[in-house]
Amino acid sequence: MAVNKEMYTKARNEIDRRRAEAQMLARQRREECKRLYPEIAVAYRIMAETAAECVKALGLGGDAQAFINEISRKNLEAQQVIKDTLKKANLPEDYLQEKYTCGKCDDTGFVEGKMCDCLKNTIRQMTYNALCDKLPIERFRFDNFSLENYSDKPDETGVIPRNRMKSFYSYCKNYADDFSLSSGNILMYGDTGLGKTHLSLAIAGIAAQKGYSVIYGSAQNLLSSIENEKFGRSTGIGAEQSIHECDLLIIDDLGAEFSTQFTVSAVYNIINTRLMLSKPTIISTNFDFSEIEDRYTQRVASRILGDYTIMNFKGKDVRVIKRNL
């Protein structure tokens, strides 16, 4: 899986917290039982003494084995006292042991040098939660995208909007389900209210659940963050680098931003840099290709046309249709 460095650090801290908590609670249970059951306290003292005596065996030469056997006998007897005492007290045999959240890795995050599923799942959940805090991901999912809002009658060009949207929906769903660092780019263009934002947010949600770093923002906000960083008007750092290097970048409503020489140049730089880095990008816009070319130059239009899957959204504004139901 892809690893977002920030989320990896947060997830490792969470796994470490779980391990520390399990160990603390186990210590508390042991101290409580030592206080309530003196025989357990004696047994633990004997076990500590036998552990220290093991060091002496190193200098005994040929007599070491007999000494080790005696230490082992004392240790096993002490362990049995603890088991018997816990049984009499109607406590489980493992009551004094650490109870880790993950039995595979004992809350270390790794099994035989490989990342444990518990750490992977924690990264995924934290990545998803972080995106949910910023965006209405739960409102825009594939399972609540309704094709019934699109007409099943041919439009003036002979296209049936519902069939077209069914095709786009299937493509986007498969794109999200199979998303990886080698996924392609998508341009969604067409009038307002046709489902571009819904589908791109649905993709963002699934990609985040997989643990990929996702940046989703309006063109206006993304370009403003770069401009503020570039001209020292922001205390934050790394906006441009994050936009260039995140696993999935989704630019919403390209063309709605205030157009300047800087924004035109920044759009080209984002698109070109991410293509060179082979980083997946999704763009939604109300502009058609001639408008994209007029606003951002032929170089931008050419790169999009040559390296993006193009989806031309047509139909009536779904939000208007819903309000009139």
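Since this is a predicted model, take the numbers as computed values, not measurements.

Describing the packing of helix H5 (residues 161-177) against helix H6 (residues 196-209)
Turning to step 1, where the next piece is worked out: For the pair H5 and H6, the least separation of the axes is 9 Å and the interaxial angle reads 20°. Relative to H6, H5 is oriented roughly parallel. For the element pair H5 and H6, the recorded crossing hand is right-handed. From H5, Met-165, Tyr-169, Cys-172, Tyr-175, Ala-176 and Asp-177 reach across to H6, where they touch Leu-199, Ile-203 and Ile-206.
Turning to step 2, where the next piece is worked out: Taken together, the residues that form the contact of H5 with H6 break down as 8 nonpolar, no polar and 1 charged.

Digging into the packing of helix H9 (residues 261-276) against helix H10 (residues 289-307)
Turning to step 1, where the next piece is worked out: Remark: H9 packs on H10, axes separated minimally by 10 Å, with the N-to-C direction vectors making an angle of 25°. By the angle between their directions, the pair H9 and H10 is classed as roughly parallel. Seen along the crossing, H9 lies across H10 with a hand that is left-handed. Side by side, H9 and H10 meet where Val-264, Val-267, Tyr-268, Ile-271, Asn-272 and Leu-275 of the first sit next to Arg-295, Tyr-296, Thr-297, Arg-299, Val-300, Arg-303, Ile-304 and Asp-307 of the second.
Turning to step 2, where the next piece is worked out: Class assignment of the residues belonging to the contact of H9 with H10 gives a composition of 8 nonpolar, 2 polar and 4 charged.

Here's the deal with the packing of aromatic side chains
How two aromatic rings sit relative to each other is set out by the distance from centre to centre and by the angle between their planes.
Turning to step 1, where the next piece is worked out: Overall, the coordinates contain 8 aromatic pairs when judged by the stated rule.
Turning to step 2, where the next piece is worked out: On the basis of an interplanar angle of 25° and a centroid distance of 6.0 Å, the ring pair of Phe-145 and Tyr-150 is categorised as stacked. For the pair formed by Phe-145 and Tyr-150, the shared burial category is buried.
Turning to step 3, where the next piece is worked out: Residues Phe-179 and Tyr-212 carry aromatic rings whose centres are separated by 5.0 Å and whose planes lie at 85° to one another, so their mutual orientation is edge-to-face. Residue Phe-179 is found in the loop between H5 and strand E3 (185-190), and its partner Tyr-212 is found in the loop between H6 and strand E4 (214-218); the two are separated by 33 residues along the sequence.

Reading the values: the criteria
- Residues numbered from 1 in each chain as written.
- Predicted model: local features only at pLDDT ≥ 70, side-chain atom pairs only at ≥ 80, totals over all residues.
- Heavy atoms only, no water.
- Axes fitted to C-alpha atoms, helices over the stretch in contact; angles between N-to-C directions.
- Helix = DSSP H or I, 4+ residues; strand = E, 2+ residues; numbered from the N terminus.
- Parallel < 35°, antiparallel > 145°, perpendicular 65-115°, else oblique.
- Left-handed = near helix turned anticlockwise from the far one by under 90°.
- Contact = heavy atoms within 4.5 Å.
- Nonpolar A, V, L, I, M, F, W, Y, C, P; charged D, E, K, R; others polar.
- Phe/Tyr/Trp six-rings, centres within 6.5 Å; stacked < 30°, edge-to-face > 60°.
- Buried < 20%, exposed > 50% of the residue type's maximum accessible area, 1.4 Å probe, protein only.

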